[in-house]
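Summary of the model geometry
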Amino acid sequence: RIRPARPVCAQVAQGIIGPRLGAGGRGNAGSASFTHDESYTYLHYPHTGVLKILSFGDWFTNNHILNSLCMKISERLFGDSEVALRLPNLLLLVVYMGYGHRLFKKCHPIVTVALFILLSTNHLLMDLFGLARGYGLSCGFMLMSLYHLNAFLEGRKRIDQVLFHMAALLASLSSFALLTFYVAAMVACMLIEVAHARVSGASGHMSLRSLRRHLMPLAVSLVVLYEPVRRLVQHSDLSFGGKAGFYADTMAALIVNSFHGKQFSPWAMVVMQVLFTAVVLVPTFIMVRQFASKGKVFLDQHIGLVVSNLVTVIISIVIMLQHLLVGSDYPVARFSAFLFPLFVVHTGFLCQYVLSFGYQRALLGGVLGVALASMISFAMKAEPYASAEWRYDMHTKDMIRELTADHDENTSDKREVTLGINWLFEPTINFYRETRGLEWLMPVARTGPTGHEDYLYVFADELTDVDTARYEKVVSYEDIRTILLSRPNGMR
């Protein structure tokens, strides 16, 4: 592919956003190596047409539609550095944190601070916000949508209704896993409208009139989502990783994510599953009792708890129904990451509700203690140059630099050289080959090394499969156990 010349503004911004470091640096300032999925996205989607991206023309689920569009725009404006391509997710981190604070601004100050810390110190989420993928975008837009749904149900302002639908649509376009959130939020909204009419003594006609307000923005969302969802259902295997069951997969993933990757023994996991279930279902029971007794005050004063609880319960039901009806996997790992902020929001509103019954010192102390523990764990475990699910790519950029230096020092002719690799490194190496203009390096493939390449970059335990007598080590990375080998000029 011939890449178009960058406009002047992009060349200037490239120097501001992604200044290059010296030989001792890690590449672009403040950025880790691009990862497998980010690189695959860059190589296949942002350089296609806008309509093809929007219609999910390349139907592989790696194509997070909004992320692909944002990468396309960001590259056009700011260039192709890692920070430039990740900029949309970094901006949505600001949105995520801003709405995370706004959701709790009416709560007790300690609850507000504690919940903000919890939302901002989760390892998996902060990792995803630093990548050019759709997961961070989707979580930012989800909190925005949740806030405006609450605001609409409280104040009945048209702007909040429009922003609720817009943010839910953008969250779904960022990651199809958030389609469950949009469905759950709409069902919750309809249930609350009906409940509000019932506890207020309004007629059924008034309830239907309230629901009709959503028809236009919902119709717009359905038009935009129709073709992508149709192609998703038709072509994708809906592989979200979990096949054992909702509790064994999705609930377990939420618990592990909530505790920063801590693994629990089987009995401890059961205890945590019971506790997390109680946090959701006990408020559901309270809500049902309040609605049965026409508790209008409860609905008006605790709309945040009502919305977050209904959305959480309905999402769980939708996930299980998806598995039963269309065979989709239960979300785990990054596919279930959006459940953590949703659970935190629900827990925060539950804490505010419980505070009305007293026990303030114990509850506030416990919430603040959990938040501080999360902050300490985040600071201790943070690994800025590695992504949890793509850790094997943490040195790929470093390897490219070493490979370039070795090539420049030892290869005097202009012939192309070959690099044999483990297939996991293929997208990222080709990403750097293209963005850095390494025309002397042949594109790498997923077929694996043959032992006849000029260079090898593989995991150390793969060397038994290759005749290494003709190679010498250029560099190795012990933390991920990879090694770059070069065949001397006389043996090429």
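For the structure, see preceding data.
Residues numbered from 1 in each chain as written. Predicted model: local features only at pLDDT ≥ 70, side-chain atom pairs only at ≥ 80, totals over all residues. Heavy atoms only, no water.

**Structural notes on the packing of aromatic side chains**
If you walk through the whole model with that rule in mind, you get 17 aromatic pairs. Pairwise contacts between aromatic rings join Phe 34, Tyr 42, Phe 431 and Tyr 432 into one cluster. The ring centre of Phe 152 lies 5.4 Å from the NZ or CZ of Arg 156, which sits over that ring. Cation over ring: Lys 262 sits above Phe 264, and NZ or CZ is 5.7 Å from the ring centre. (Phe/Tyr/Trp six-rings, centres within 6.5 Å; stacked < 30°, edge-to-face > 60°. Lys NZ or Arg CZ within 6 Å of the ring centre and 35° of its normal.)

**Section: the nonpolar core**
With 137 residues, the main nonpolar core has Val 311, Leu 419, Ile 429 and Tyr 457 as its most contacted residues. When residues of this core are assigned to their parent elements, the largest contribution, 13 residues, is made by helix H8 (residues 134–155). The residues touching Val 311, leaving out its near neighbours within four places in the chain, are Leu 146, Phe 181, Ala 184, Ala 185, Ala 188 and Leu 342. With five residues, the next largest nonpolar core counts Leu 456, Val 458, Tyr 471 and Leu 485 among its residues. (Core = buried A, V, L, I, M, F, W, Y, C linked by side-chain atoms within 4.5 Å. Buried < 20%, exposed > 50% of the residue type's maximum accessible area, 1.4 Å probe, protein only. Helix = DSSP H or I, 4+ residues; strand = E, 2+ residues; numbered from the N terminus. Contact = heavy atoms within 4.5 Å.)

**With respect to helix H13 (residues 246–258)**
When the local axis directions of H13 are compared, the greatest deviation, roughly 30°, occurs at Ala 252. Summarising burial for H13: eleven of the 13 residues are buried, a large majority. Of all the residues in H13, the buried ones are Phe 246, Asp 249, Thr 250, Met 251, Ala 252, Ala 253, Leu 254, Ile 255, Val 256, Asn 257 and Ser 258. Against the buried residues of H13 lie helix H7 (123–129), strand S1 (241–242), helix H14 (266–292), helix H16 (303–326), strand S2 (330–331) and helix H17 (339–355). (Bend = angle between axes of the 7 residues up to and from the residue.)

**Observations regarding the sheet that holds strand S5 (residues 472–477)**
Here four strands make up an open sheet; going across it, the order is S3-S4-S6-S5 and the pairing mixed. Looking along the sheet, the strands with just one partner apiece sit at the ends: strand S3 (419–421) and S5. For this sheet, the mean inter-axis angle between neighbouring strands, taken without regard to orientation, is 15°. Judged from the three bridges that link them, S3 and strand S4 (residues 455–459) form a sheet pairing that is parallel. Opposite Leu 419, over in S4, you have Tyr 455 as the bridge partner. Against the sheet, helix H19 (residues 396–410) engages S3, S4, S5 and strand S6 (482–486), with an angle of about 160° to S5. (Pairing = 2+ DSSP bridges. Axes fitted to C-alpha atoms, helices over the stretch in contact; angles between N-to-C directions.)

**Some words on the state of the cysteines**
Within the structure shown, the criterion is met by zero disulfides. With no disulfide of its own, Cys 351 has Cys 107 as its nearest cysteine by sulfur position, at a separation of 9.0 Å. With relative accessibility at 10%, the residue Cys 351 sits in the buried group. (Disulfide = S-S within 2.5 Å.)

**Describing unusual backbone geometry**
Phi angles above zero are rare outside glycine, and Arg 156 is one such case at about 60°. Looking at the secondary structure, you find Arg 156 in the loop between H8 and helix H9 (158–174). Since its relative accessible area comes to 27%, Arg 156 is described here as partly exposed. For Arg 481, which is not glycine, the phi torsion reads 55° and is therefore positive. Mapped onto the fold, Arg 481 is located in the loop between S5 and S6.

**Here we look at the side chain of Asn 257**
Among the structural elements, Asn 257 can be located in helix H13. Look at Asn 257 and you get buried, because its relative accessible area is 9%. Excluding anything up to four places from it in sequence, Asn 257 contacts Asn 122, Leu 124, Ala 337 and Phe 340.

**Some points on the environment of Leu 211**
Mapped onto the elements of the fold, Leu 211 is located in helix H11 (residues 204–212). With 18 residues separating them along the chain, Leu 211 and Glu 193 place their C-alpha atoms 7.1 Å apart. Residues within four places of Leu 211 in sequence aside, it is in contact with Met 190 and Glu 193.

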